[in-house]
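The chain contents come next:
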Amino acid sequence: MRLTTASGVAAFAAAVLLYPLFQGGTWLWSVLGAALTVVAAGLVSSRLSLPAWAATLLGVAATWIYLTASFAADKAWALLVPTKGSVAELGRLLGVGWDDIQRFAAPVPTTQGITLLTAGGVALIAIAVDLFAARLRRAALAGLPLLALATVPATILPDPISWPAFIIAALGFVSLLIADGRERVGHWGRAVLVRRTRVAAVPAHKGPSHKGPSDKGPSASTPRASADTSGLRLSGKRIGFAAVALAVLVPALLPAMEPVSFFQFGVGGSGTGGGNSISIPNPVANLKGQLELPERRVVLTYTNNDDKPRYLRIYALDKFDGQQFDMTQPKGTPQNRTDNGPLPAPAGLSPQTKINSVVTNVQISDEVARLVFLPLPYPAREIRVDGDWRADADTLMVFSTRDKAAGLDYEVATSEPEPTPELLESLNAGQPAVDQRYTRLPENLPPEIYELADRVTADATSPYERAVKLQQFFTKDGGFTYTLRTQGHSNSALRDFLLRDRAGYCEQFASSMAVLARIVGIPARVAIGYTGGTKVGNQWQVGTNDSHSWPELYFEGVGWLPFEPTPAGSLGQGSARVPAYTQPQPRATGEASTPTPGATSSSSDEPVDPQERPNPRALDRESQLIPGALPPDDSMPLIGQIGIGAGALLLLLLIPAGVRLITRNRRVRTLGWKVSQPSDELTARMVSGDGAAGRHPSVAAAWAELDDILYDYGMARHTSETPRALARRLTQQYEFDAASAAAITAIASAVERVLFARDPGRIGPMKKDLRTVRQALAATVSRGRRLRAVLLPPSTLRRLRGLGERLLDGFDLLENIRLRRTAAQKGS
């Protein structure tokens with residue numbers, strides 16, 4: 001019975017680790033019901049003494065009934081009994097839940113399908129734990145399914161598991177191990193309790209016994225005595241709690257190590273930086289999850305001086321491995337901090353290109369989590385923002401390793417090129433002066449994709465015309481449709497999207513156009529961020545449904561320009577906008593051009609920033625950071641981190657010494673305060689007694705201090721020793737001089753008069769006598785013993801140990817509360 005209950009508690013405690021994966025806590029009640037159902041089935045199996053395989057089947061059947069009643073009651077018979085309709089409904093919800101998990105990014109909404117999957121999964125874990133612990137009696141192996149449950153949030157989430165959730169899960173497993181130990185010892189035989197922490201087990205006698213007429217065997221009328229496992233339980237709890245405490249405290253004292261990203265879209269997963277490395281969640285997973293959130297949530301708002309929407313880029317993904325795009329680790333030097341003035345000049349922008357200066361004010365929502373990159377219009381020239389934010393010189397992404405973007409309010413000035421189709425058509429078609437990683441393709445790219453790129457751009461005569469034809473292929477000529485129900489990033493997925501299915505969302509469109517552009521010789525990368533949003537009042541509002549991905553193509557003379565291959569409007573990405581320069585057809589006079597994600601037309605009455613062109617600054621390439629780390633002159637060296645950890649550990653170890661010093665000073669300074677925790681019975685009587693004893697708390701303080709001094713020096717007073725006998729023994733054993741002997745005798749006499757005399761008479765100050773006795777005792781012990789009495793005083797450790805024992809005894813009282821049968825029920 002005990003093991004079955006402990007198994008259910010351990011499984012539910014481990015399920016608490018899943019809380020960061022969900023929005024709200026309604027899923028937890030379904031999980032609790034599933035765990036209780038498995039416990040109830042296990043108790044029935046134990047009552048009926050079913051074999052392990054039958055108990056497992058009963059647990060599965062009970063879980064099935066519970067899930068039917070919770071999620072398909074309207075299809076079941078009598079709301080409980082599964083029917084063909086309820087089975088079909090559960091199957092449908094499982095499919096919907098699986099699709100929802102693939103669609104949403106954590107934290108996911110608690111839909112019926114997701115809750116059903118979670119409750120069923122935890123129930124299966126609980127059944128496995130019960131099988132190992134209660135049926136097979138292998139409680140240690142029960143940790144494997146619990147560990148499998150713990151790996152789910154550890155794998156999905158970029159942040160570590162919170163320590164409160166870890167403590168709850170660890171205590172659940174420790175309680176299971178303690179329950180298993182008690183069960184095992186309880187079957188050894190009758191135990192003789194020697195001390196609170198020592199148990200001597202006496203095996204039951206199995207040989208023939210010779211009883212007299214009055215002897216009664218254990219089966220006659222008295223029940224068989226079970227082993228007293230209180231000592232073992234106490235020791236197990238001490239070990240378990242100590243292990244959990246060390247697991248929480250020790251990592252906090254160690255220097256921070258660089259986290260390993262479980263996703264390909266990360267910076268900080270492969271560098272060798274220190275504790276200031278960057279670790280970000282999977283941009284593509286977050287992108288799709290935000291697009292499919294059941295309700296729109298505001299991410300940010302912005303205003304600008306021309307009141308036009310602009311795409312806000314967060315990430316620039318430049319490496320393609322044949323399956324998906326990922327990001328080169330950004331680099332930030334001290335010179336490129338945003339508070340140092342203008343950012344580096346954008347790549348490829350010619351001074352002859354017409355520039356539109358725009359100032360945008362952005363306010364990030366407080367609810368945005370784990371965002372360490374700023375959403376910015378491209379290309380940013382200067383940013384005014386609080387905190388340590390740095391620009392990557394190659395991509396102009398702005399990031400921080402110390403601050404978060406949530407709640408920020410910042411201003412960004414951009415120098416946006418205003419290209420026209422005629423200008424782009426006239427650009428030099430020679431080799432672009434850009435890093436080769438923007439044109440690199442994997443060797444295993446299917447040849448059909450090369451053929452498709454050549455076929456689509458066959459009639460184009462310039463890089464710009466090839467880019468326009470590629471965009472038109474996705475938006476008009478290719479027959480593509482917009483849908484979020486897509487899977488995979490492999491070569492086959494890319495080939496299926498381009499040649500067969502031609503259905504996907506912005507990630508597939510942006511990645512595919514970037515790949516095709518590289519094939520035809522145009523440098524390309526993939527941007528992830530937000531579209532311009534919608535106008536609400538006097539500001540632009542960007543929500544989770546505005547998450548977007550688009551390709552950026554490079555043209556020598558104007559730099560990186562955004563294109564839009566994703567269908568827009570009601571049948572596509574609702575707030576996506578096609579740039580005007582990608583539509584070479586002539587426009588009628590006076591017709592307003594379509595708002596563009598990266599370029600807008602300027603007017604003469606608009607305010608113009610006096611700094612038309614960014615000031616390129618010389619970059620010290622030698623001082624550039626290793627990917628994902630802060631500059632060495634700003635970051636704390638490893639030796640400093642180790643020093644801080646060692647200092648914190650030293651302070652922790654000095655806590656007992658501090659407590660002992662405060663206690664002694666309190667007693668010795670006044671010798672009139674009551675003792676908060678009397679160390680023995682005599683002290684307690686002097687502190688709380690009536691009459692003369694209650695009127696002399698100074699004597700109690702002196703006696704308590706003397707008792708602690710003796711314990712610290714390894715001279716603990718005997719339990720049955722009177723104060724007078726103690727004074728006589730110490731004087732003779734340690735050969736006190738006359739002054740020391742008189743001091744200890746005076747203290748002992750005062751204690752006995754306070755305890756036993758009707759009128760103790762006048763008791764003089766005892767501070768001097770106590771100091772004399774302490775000096776005499778210290779002279780008789782070694783230097784190491786005196787040092788230990790100061791740094792790790794045993795008297796303080798004894799009080800801490802006593803506090804822990806009282807805490808564990810309180811748990812024992814709660815654990816031993818049981819429903820007992822009344823005497824009448826026993827008689828019947």
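Criteria and thresholds
Residues numbered from 1 in each chain as written. Predicted model: local features only at pLDDT ≥ 70, side-chain atom pairs only at ≥ 80, totals over all residues. Heavy atoms only, no water. Phe/Tyr/Trp six-rings, centres within 6.5 Å; stacked < 30°, edge-to-face > 60°. Buried < 20%, exposed > 50% of the residue type's maximum accessible area, 1.4 Å probe, protein only. Lys NZ or Arg CZ within 6 Å of the ring centre and 35° of its normal. Axes fitted to C-alpha atoms, helices over the stretch in contact; angles between N-to-C directions. Helix = DSSP H or I, 4+ residues; strand = E, 2+ residues; numbered from the N terminus. Parallel < 35°, antiparallel > 145°, perpendicular 65-115°, else oblique. Left-handed = near helix turned anticlockwise from the far one by under 90°. Contact = heavy atoms within 4.5 Å. Nonpolar A, V, L, I, M, F, W, Y, C, P; charged D, E, K, R; others polar. Salt bridge = Lys/Arg side-chain N within 4 Å of Asp/Glu carboxyl O. Pairing = 2+ DSSP bridges.

Visitor: Whenever I open this one, the packing of aromatic side chains confuses me. Can you help?
Guide: Geometry of an aromatic ring pair is reported as the spacing of the ring centres plus the angle between the planes. Taken as a whole and assessed by the stated rule, the structure comprises 17 aromatic pairs. Aromatic side chains Phe320 and Phe325 sit 4.8 Å apart centroid to centroid with 35 degrees between the ring planes, which places their arrangement in the tilted category. Given a relative accessible area of 1%, Phe325 falls into the buried group. In this structure an aromatic cluster arises from ring pairing among Phe473, Phe474, Phe480, Phe497 and Phe509. Just above the ring of Trp560 sits the side chain of Arg525; from NZ or CZ to the centre is 4.1 Å.

Visitor: Could you clarify how one ought to interpret the packing of helix α21 (residues 738-756) against helix α22 (residues 767-778) in this entry?
Guide: Two packed helices can be described by the angle between their axes and the distance between those axes. Where α21 meets α22, the closest approach of the two axes is 8 Å, and the angle between their N-to-C directions is 125 degrees. One element, α21, and the other, α22, form an angle in the oblique class. Between α21 and α22 the crossing geometry is left-handed. Of the residues in α22, those touching α21 at Ala739, Ser740, Ala743, Ile744, Ala746 and Ile747 are Asp769, Leu770, Thr772, Val773 and Ala776. For the contact of α21 with α22, a count of residues per class yields eight nonpolar, two polar and one charged.

Visitor: Could you clarify how one ought to interpret the environment of Gly521 in this entry?
Guide: Topologically, Gly521 is positioned in the loop between α14 (506-519) and β14 (524-530). Accessibility expressed as a relative area gives 45% for Gly521, which makes it partly exposed.

Visitor: It is not clear to me how the pattern of salt bridges should be interpreted in this structure. Could you clarify?
Guide: Pairs may arise between side chains of opposite charge once their charged atoms sit close together. Scanning the entire structure with this criterion turns up 25 salt bridges. Two residues, Arg337 and Asp388, come together in a salt bridge whose shortest N-O distance is 3.7 Å. Residue Arg337 is found in the loop between β6 (325-326) and β7 (355-364), and its partner Asp388 is found in the loop between β8 (380-384) and β9 (390-391); the two are separated by 51 residues along the sequence. Assessed through its relative accessible area of 7%, Asp388 is described here as buried. Overlapping salt bridges bring together Asp707, Asp708, Arg717, Arg798 and Arg799 as one network.

Visitor: What am I meant to see in the packing of helix α2 (residues 26-48) against helix α5 (residues 112-135) here?
Guide: Closest axis-to-axis distance for the α2/α5 pair is 9 Å, and the angle between their directions is 30 degrees. With respect to their mutual orientation, α2 and α5 come out roughly parallel. In terms of crossing hand, the pair formed by α2 and α5 is right-handed. Where α2 abuts α5, its residues Trp27, Ser30, Val31, Ala34, Val38, Gly42, Ser45 and Ser46 lie against Thr115, Thr118, Ala119, Val122, Ala123, Ala126, Ile127 and Arg135. Tallied by class, the residues present in the contact of α2 with α5 amount to nine nonpolar, six polar and one charged.

Visitor: Honestly, the environment of Arg370 in this entry has me stumped. Any pointers?
Guide: Following the sequence through the fold, Arg370 ends up in the loop between β7 and β8. Exposure remark for Arg370: the relative accessible area of 27% places this residue in the partly exposed category. Through-space distance from the C-alpha of Arg370 to that of Lys404 is 6.7 Å; in sequence the pair is 34 residues apart.

Visitor: Can you walk me through unusual backbone geometry in this structure?
Guide: What is expected of a backbone is that most residues other than glycine have negative phi and most peptide bonds are trans. Looking along the chain, the bond that leaves Tyr378 and enters Pro379 is cis, with omega of -5 degrees. Considering the arrangement of structural elements, one finds Pro379 in the loop between β7 and β8. With a phi close to 55 degrees, Arg137 is a non-glycine residue in the positive phi region. Tracing the chain through its elements places Arg137 in the loop between α5 and α6 (143-156). Phi angles above zero are rare outside glycine, and Leu396 is one such case at about 65 degrees. In this fold, Leu396 is placed in the loop between β9 and β10 (398-399).

Visitor: What should I look at first to understand the sheet that holds β8 in this one?
Guide: Either a parallel or an antiparallel arrangement is found when strands of a sheet pair, and the pairing is made through backbone hydrogen bonds. The strand order across the open sheet built from six strands is β8-β11-β7-β3-β16-β15, with neighbouring strands paired in antiparallel fashion. At either end of the open sheet lies a strand with only one pairing partner, and these are β8 and β15 (534-536). Looking at each pair of strands side by side, their axes are set apart by 30 degrees on average, direction ignored. Sheet analysis places strand β3 (residues 298-304) next to strand β16 (residues 539-543), joined by four bridges and oriented antiparallel. Looking at the pairing, Val298 lines up with Gly543 of β16.

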